[in-house]
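# A structural walkthrough
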Amino acid sequence: MKGYPRKDGRKGIRNVVAVAYLVECAHHVAREIVAPHRETAHVIGFPGCFPNPYAQTMMERLCTHPNVGAVVLVSLGCESFNRHQLEEVIRENGRSVETLIIQRDGGTRSTIEKGRAVVSKMASELVNTQTVPLEISDLVVGTVCGGSDGTSGITGNPAVGRTFDMLVESGATCIFEETGELIGCEHVMAARAATPELGAEIRASVDKAAAYYATLGFGSFAAGNAEGGLTTIEEKSLGAYAKSGQSQITGLIKPGDIPPKGGLYLMDVVPDGEVRFGFPNISDNAEIVEMMASGALMTLFVTGRGSVVGSAIAPVIKIAANPHMYERLSEDMDINAGRIIAEGAEVDDVGSEILDLVKRVASGEPTKSEDLGHTEFILTYKSFEPIGPACLPI
């Protein structure tokens, strides 16, 4: 495997130009800038005008993600987002960066034209980026499950858990998430924690998620889950938990925290403090974005009902849990974990199949969602307190 070396010592598996809008008013211009350059440039951004420390941190982490080689910032000009700080962080991390300001650069058409020229120049320069050897221990891999049904916890999630075990054993960093979908499993995860103190932090994070949803009067359980055969949040939690595998849990992180070493990490995506930002898992893509902000180079996405989304910046590997859904949506699915039900395949064998694809994707092979041009992205307001010392390995 070969990777793209970055100034901070990390290595990317893609080398894209990120075109980042800094307020929703600049979203259209950013999207039009990228339109002729879909293979080399991806749109990301924050829609809010009011400043938010979480969003600032997320954009700084994403614009310096290992898969990003250069950045174009698209500002309306009057938003409160601190574009100067973001530009400085990007430049200090060794990326080329240029800021376009629509109110200064002549409006919509003029800014689009200028932006396309900048992206074209940056993309041509990135072609000359020298690659270096990429080891399994360099990989940071996230996982989510979405559009879950009664098969997800039997096939796809356990298979990803096996893949995670093999990756962790080889020194990779693996991230699983959504404490709101792990309610009822906190004591099991705490028992797997590297230290008793970490175990206590894990239990507290799940308790926080349960309290958050209780305040909202809503849980991480959708009508589609019920139609797919799931009956309770506890049943869904057991399936979601399976994708974490059986390795020791090394740490607990929050969006934008970079794991300091290899191992298995739980990501707490539920905001801290007073409940005020709406549902914490507004979509699966929001969770993909948060894991990318913590360095995930790709995401293993398990789905039973069928989800066709991908992601900007980092590839998404789609794992079909339901064999019947795979037959209908095979053009969107990379792996058919439903073979465990339909053909009697072993979980270990499907886990090894996923691992082999992880290596190929890390070597440049496009996933189905990449081939189809899926570059979904969403970032909303949240707030988090810093993690405590018990959350990370000594």
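What counts, and at which threshold
Residues numbered from 1 in each chain as written. Predicted model: local features only at pLDDT ≥ 70, side-chain atom pairs only at ≥ 80, totals over all residues. Heavy atoms only, no water. 1 Å grid on protein atoms, 1.4 Å probe; cavity = no way out; pocket = protein on both sides within 12 Å on 5 of 7 lines; lining within 4 Å. Points joined across faces, edges and corners; volume = space filled by probe spheres on them. Helix = DSSP H or I, 4+ residues; strand = E, 2+ residues; numbered from the N terminus. Nonpolar A, V, L, I, M, F, W, Y, C, P; charged D, E, K, R; others polar. Buried < 20%, exposed > 50% of the residue type's maximum accessible area, 1.4 Å probe, protein only. Lys, Arg positive; Asp, Glu negative; His and termini not counted. Salt bridge = Lys/Arg side-chain N within 4 Å of Asp/Glu carboxyl O. Contact = heavy atoms within 4.5 Å. Phe/Tyr/Trp six-rings, centres within 6.5 Å; stacked < 30°, edge-to-face > 60°.

## Some words on the layout of surface pockets
The space that makes up the largest pocket amounts to roughly 900 Å³. For the largest pocket, the lining is made up of 40 residues, of which V16, R38, E39, T40 and H42 are closest to its centre. Residue assignment for the lining of the largest pocket shows that the elements contributing at least two residues are β1 (2-5), β3 (16-21), α1 (27-34), β4 (41-45), α4 (108-126) and α14 (368-371). Counted by class, the lining of the largest pocket contains 19 nonpolar, 14 polar and seven charged residues.

## Here we look at the side chain of K243
Relative to the assigned elements, K243 resides in the loop between α9 (233-242) and β10 (249-253). Buried charge K243 goes without a salt bridge, the closest partner of opposite sign being E177 at 4.2 Å. Leave out the neighbours within four places in its chain, and K243 touches T143, V144, C145, N157, V160, G161, F164 and E177.

## Digging into empty space enclosed by the protein
What the rule picks out here adds up to one cavity of 30 Å³ or more. In terms of lining residues, the largest cavity is bounded by Y54, P280, I282, A286, E290, I378, L379, T380 and K382. For the lining of the largest cavity, a count of residues per class yields six nonpolar, one polar and two charged.

## Focus: the packing of aromatic side chains
Evaluated as defined, the whole model comprises three aromatic pairs. Ring centres 6.3 Å apart and planes at 45° place the aromatic pair F46 and F81 in the tilted group. Here F46 is found in the loop between β4 and α2 (53-63), whereas its partner F81 is found in the loop between β5 (68-75) and α3 (83-92), with 35 residues between them in sequence. Across the pair, F81 and F46 agree in class, each one buried. Aromatic pair Y54 and F384: ring centres 5.6 Å apart, planes at 45°, arrangement tilted. On the criterion of sequence distance, the pair formed by Y54 in helix α2 and F384 in the segment after α14 is long-range, its members being 330 residues apart.

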